[in-house]
There are 2 protein chains.
Amino acid sequence: LSALSQRPAASPDLPPRYQPLLTGNRLALARAISQVEDAAPDAVAILRALYPHSGRAHIIGITGAPGTGKSTLVTALAQHYRQAGLTVAIVAVDPTSPFTGGALLGDRVRMRTLSGDPGVFVRSMATRGNLGGLSQSTGDVVTVLDAAGFERILVETVGVGQAEVEIVRTAHTTVVVEAPGLGDEVQAIKAGILEIADLLVVNKADLPGVERTVKALEMMLELGRGGPRTIRHHGVLLQVDAPLAQPTVATTWSIALLKTVAATGEGVAELGQQIEAHRTWLQASGELTQREQVRAAQLLENILRAELNRRLLAQLPATSMVELVEAVRQRTVDPYTAAHQLLAAF
Amino acid sequence: LSALSQRPAASPDLPPRYQPLLTGNRLALARAISQVEDAAPDAVAILRALYPHSGRAHIIGITGAPGTGKSTLVTALAQHYRQAGLTVAIVAVDPTSPFTGGALLGDRVRMRTLSGDPGVFVRSMATRGNLGGLSQSTGDVVTVLDAAGFERILVETVGVGQAEVEIVRTAHTTVVVEAPGLGDEVQAIKAGILEIADLLVVNKADLPGVERTVKALEMMLELGRGGPRTIRHHGVLLQVDAPLAQPTVATTWSIALLKTVAATGEGVAELGQQIEAHRTWLQASGELTQREQVRAAQLLENILRAELNRRLLAQLPATSMVELVEAVRQRTVDPYTAAHQLLAAF
């Protein structure tokens, strides 16, 4: 596997039990990811040791509304990459998890199709009930998979909410998936989603109404063209407007619109080719540097926030917090005054 | 208007220019909401002064996937409340705004239907690009509307993402809207969404396939029944498991399943009645206290986080942050080491 040749033989700072992940051991990899996902004791040591080895994978974000067949498309795309001799990791972010803790229906199908192939690694991310945490742990898991030598990392998010979009925002290539017949109101969402899309896919293109969906998207692409795209990190702490690098090739990327039938594999090879074309453009145009600045800023900010929260939690007395919540509920104190009382000790 | 009689005549701590909102002045109300939404200089003073006057409105969260006709349903529900003599505020949270800054298509229709009625106030929330901020500013805007005397506050979120769900989690009554024919994958989402639903509405019930959708939901309700529901605040800083109050009536609420055709008004009166029944149950069972504890904890935590971020930002030198982001991008430093360097000065 070409991925194996990219892997560093060893990383001196990585705790010994995780070292085998650098030479393709899946159990060590799964353990490391669990540590990172749970923010367990070894998480920081793992990430510190692996971060310098990351930066070679191409990260592909795939998002879209429920019902568009994203999971099937991601599975088909993974198969396409395997046929091309590339190693693939899939990170599926599941927004239903804060409630059920369960995995998506699509997962079981996917596991059957891809299981047994050592060049594929699939991980479903449960969410831990807070938004920043989801974004952070996804980024951290991607870092581990990247350092472990996977050449393409597919980050799949279900839903059209902000948290999901925030996650794909840090991908190198973002694929937005649509499907025919999901209702007219979806059009309003599309207008927004186009601003994060590098590639637009109408999946289930064998269904009736596909041409209407394609036409509607083409109209939106037409409307949206012309203005330059600026990538921003929208963090509270760090504001990064990535500067435009000196252009050596076309500085704008025209969003490609593709039709696929993921269930039969139709159009999936073309999608794979378009992703590679986008990757080539990113490197040649200098936009790759921009996107990685945004990604670095987001990683840094997530850590800063988590550490601040940890320090605060360690210093606040739990009893006074419960009392203050109750006082706020009864409206004997307003939440701002309560917060300042808590922070006075900090 | 009965709302006017509930309003406090004046609040000594409220800056004078916002005082008229307590006696029904819409311009003063709109100005106060803008201050709060933008976290502008007067925001904290407004919220401190108004918080003690809040707590009388019934807050109704309405969520569901795009294409379910939520906006039309919310408009019809508002009309229902107006006919019953109740004042209504609508807060529409728009997830597309981080990209386009634009309002939803449904908004224009709604404005035509409800405009000119002094007993209705409609506000579309733009998002400011960060997740915590959206949740906080929605909560703050609800506090202002509550203090201004609106008796029913409808918080509408588009999408099925985490941020949207986090917002409705703090409502008194949560209505989840479905519609026929939105694809089988939606079923997976439903399994999760049921855990936040107090009422389940199949809108567009005149479309084909409605009975299949109703059956699927009934099956899920059947599966989900039995276990007690625990409401939690999933914050990083504060963990609140609201204790069960001593039961005086049934301690569990059976999720009602309703059919509506919002466009014709069919079923909307029944929905209104079910919301009132839920409100009565919340008060009698003691669950209202639980939900308000969760809400208080969330308000407090949001303020704590924002204040921590502000303090950090004020102390960090901007230049070293830009340099560190660049170093992280180039992988000459890992983000954890970078974060600790930044925090060393804090």
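Residue numbering note: each chain is counted from 1, following its sequence as written. To label them, take the chains in the order written and letter them from A, then take the ligands in the order written and number them from 1. The predicted origin of the model limits local features to residues at a pLDDT of at least 70 and limits the giving and counting of side-chain atom pairs to 80 or more, whereas totals for whole chains, interfaces and linings rest on all residues. The basis for the side-chain values is all heavy atoms of the structure; hydrogens and waters are excluded.

**Thoughts on the overall build of chain A**
Only DSSP runs of H or I with at least four residues qualify as helices, and only runs of E with at least two residues qualify as strands; both kinds are numbered from the N terminus onward. Looking only at helices and strands, chain A has 14 helices and 9 strands in total. In this scheme, a residue with accessible area under 20% of its type's maximum is buried, one over 50% is exposed, and one in between is partly exposed, where area comes from a 1.4 Å probe on protein chains only. Scored against the burial criterion, the 346 residues of chain A give a buried share of 61%. By definition in these notes, contact holds between two residues if any of their heavy atoms fall within 4.5 Å. Contacts spanning at least 24 positions in sequence make up 77% of the contacts within chain A whose residues lie at least 6 apart. For chain A, the computed accessible surface area is about 13200 Å², with 55% contributed by carbon and sulfur atoms. The protein chains shown are the only cover counted for residues, whose accessible areas, like all others here, come from Shrake-Rupley with a 1.4 Å probe.

**Structural notes on the pattern of salt bridges**
All names here are of chain A. When a carboxyl oxygen of Asp or Glu is within 4 Å of a side-chain nitrogen of Lys or Arg, the pair counts as a salt bridge. Under the counting rule described, the total for this entry stands at 16 salt bridges over all chains. Here glutamate 326 ties to arginine 329 by a salt bridge, and the two come within 2.8 Å at their closest N and O atoms. Highlighted residues: glutamate 326 and arginine 329, both in helix H13 (residues 318-329), separated by 3 residues, approximately one helical turn. Judged by relative accessible area, which is 23%, glutamate 326 ranks as partly exposed. Residue class for arginine 329 comes out buried when judged on its relative accessible area of 16%. The network of salt bridges with common partners includes Asp198, Glu287 and Arg291.

**Digging into the pairing of strand E9 (residues 256-259) of chain A**
All names here are of chain A. Here E9 shows a buried face lined by Ala256 and Leu258 and an unburied face lined by Leu257 and Lys259. In this sheet, E9 lies alongside strand E6 (residues 199-202) in parallel orientation, the contact comprising 4 bridges. In the sheet register, leucine 200 faces E9, and the bridge partner there is leucine 257. One bridge is not enough; two strands pair if DSSP finds at least two bridges between them.

**What to know about the packing of aromatic side chains**
Any two of the Phe, Tyr and Trp rings considered here, Trp counted by its six-membered ring, make a pair once their centres fall within 6.5 Å; the pair's planes then place it as stacked at under 30 degrees, edge-to-face at over 60, or tilted in between. Across all of its chains, the model carries 4 aromatic pairs over all chains by this definition. Seen in terms of ring centroids, A:Trp253 and A:Trp281 are 5.7 Å apart; in terms of plane orientation they differ by 40 degrees. Their pairing is tilted. Of this pair, A:Trp253 sits in the loop between strand E8 (240-241) and E9 while A:Trp281 is found in helix H11 (residues 268-285), placing the two residues 28 residues apart along the sequence. The same class applies to A:Trp253 and to A:Trp281, which are both buried. Taken together, a centroid distance of 6.2 Å and an interplanar angle of 45 degrees make the contact between B:Phe121 and B:Phe150 tilted. Of this pair, B:Phe121 sits in strand E3 (residues 120-125) while B:Phe150 sits in the loop between helix H7 (131-147) and strand E4 (152-158), placing them 29 residues apart in sequence. A single burial state applies to B:Phe121 and to B:Phe150, both of which are buried.

**Section: the nonpolar core**
To qualify as a nonpolar core, a set must consist of buried Ala, Val, Leu, Ile, Met, Phe, Trp, Tyr and Cys residues joined through side-chain atoms within 4.5 Å. Within the largest apolar cluster, 102 residues are counted, with the highest numbers of intra-cluster contacts made by A:Leu145 and B:Leu145. Leaving out residues up to four positions away in the same chain, A:Leu145 has contacts with A:Leu29, A:Ile33, A:Ala89, A:Val91, A:Phe121, A:Phe150 and A:Ile153.

**Brief notes about the environment of B:Ala339**
Structurally, B:Ala339 can be placed in helix H14 (residues 335-344). Here the alpha-carbon distance between B:Ala339 and B:Val91, two residues 248 residues apart in the chain, equals 37 Å.

**Quick notes on helix H4 (residues 70-83) of chain A**
Residues and elements named next belong to chain A. Taking 1.5 Å per residue as the helical rise, H4 with its 14 residues ought to reach 20 Å, and the 20 Å between its terminal C-alpha atoms agrees with that figure. For H4, the full list of buried residues reads Lys70, Ser71, Leu73, Val74, Thr75, Ala76, Leu77, Ala78, His80, Tyr81 and Arg82. The positive-phi residue at the C-terminal boundary of H4 is glycine 85, with phi of around 85 degrees. Helix span, expected: 1.5 Å multiplied by one less than the number of residues in the helix.

**Thoughts on the confidence of the model for chain A**
All names here are of chain A. Values of pLDDT, the confidence the predictor places in each residue, fall between 0 and 100. Averaged over all residues, the pLDDT of chain A equals 79, while 72% of them reach at least 70. H11 holds the highest mean pLDDT among the elements of chain A, 95, whereas helix H5 (residues 97-100) holds the lowest, 38. In the model, residues 1-5 has pLDDT below 50 throughout and makes 10 contacts with residues more than four positions away in sequence or in other chains. In the predicted structure, residues 96-105 sits below a pLDDT of 50 and forms 26 contacts with residues beyond four places in sequence or in another chain. For this predicted complex, the interface score ipTM comes out at 0.76, alongside a pTM of 0.72.

**Structural notes on the packing of H11(A) against helix H12 (residues 287-315) of chain A**
Helix-helix packing: each pair is described by the crossing angle between the helix axes and the interaxial distance. All names here are of chain A. To obtain an axis, a line is fitted to C-alpha atoms, over the contacting stretch when the element is a helix, and the angle between two such axes runs from 0 to 180 degrees between their N-to-C directions. As a packed pair, H11 and H12 sit with axes 5 Å apart at the nearest point and diverge in direction by 90 degrees. By the criterion of interaxial angle, the relationship of H11 to H12 is roughly perpendicular. On H12, the residues touching His278, Trp281, Leu282, Gln283 and Ser285 of H11 are Glu287, Leu288 and Arg291. Each residue gets one label: Ala, Val, Leu, Ile, Met, Phe, Trp, Tyr, Cys and Pro are nonpolar, Asp, Glu, Lys and Arg are charged, and the others, such as Gly, are polar. Here the contact of H11 with H12 is composed, by residue class, of 3 nonpolar, 3 polar and 2 charged. Any angle that falls under 35 degrees is termed roughly parallel, while one over 145 is termed roughly antiparallel, one within 65 to 115 roughly perpendicular, and all others oblique.

**Focus on the packing of helix H2 (residues 26-37) of chain B against helix H3 (residues 43-50) of chain B**
All names here are of chain B. Remark: H2 packs on H3, axes separated minimally by 8 Å, with the N-to-C direction vectors making an angle of 115 degrees. The handedness of the crossing between H2 and H3 is left-handed. Contact residues: Ala32, Gln35 and Val36 in H2; Ala43, Ile46 and Leu47 in H3. Classifying every residue of the contact of H2 with H3 gives 5 nonpolar, 1 polar and no charged. Crossing chirality is assigned from the near helix's rotation relative to the far helix, an anticlockwise turn below a right angle marking it left-handed and a clockwise turn marking it right-handed.

**Looking at the environment of B:Ala32**
Residue and element names in this part refer to chain B. Among the secondary structure elements, alanine 32 is positioned in helix H2. Alanine 32 sits 11 residues away from alanine 43 along the chain, and the two C-alpha atoms are 7.5 Å apart. Not counting the four nearest positions on each side in its chain, alanine 32 is found in contact with Tyr18, Leu21, Ile46 and Val144.

**Examining the environment of A:Gly119**
All names here are of chain A. Looking at the secondary structure, you find glycine 119 in the loop between helix H6 (105-114) and strand E3 (120-125). In this structure glycine 119 comes out as buried when scored by relative accessible area, which is 0%. C-alpha separation for the pair glycine 119 and valine 93, spaced 26 residues apart in sequence, amounts to 21 Å.

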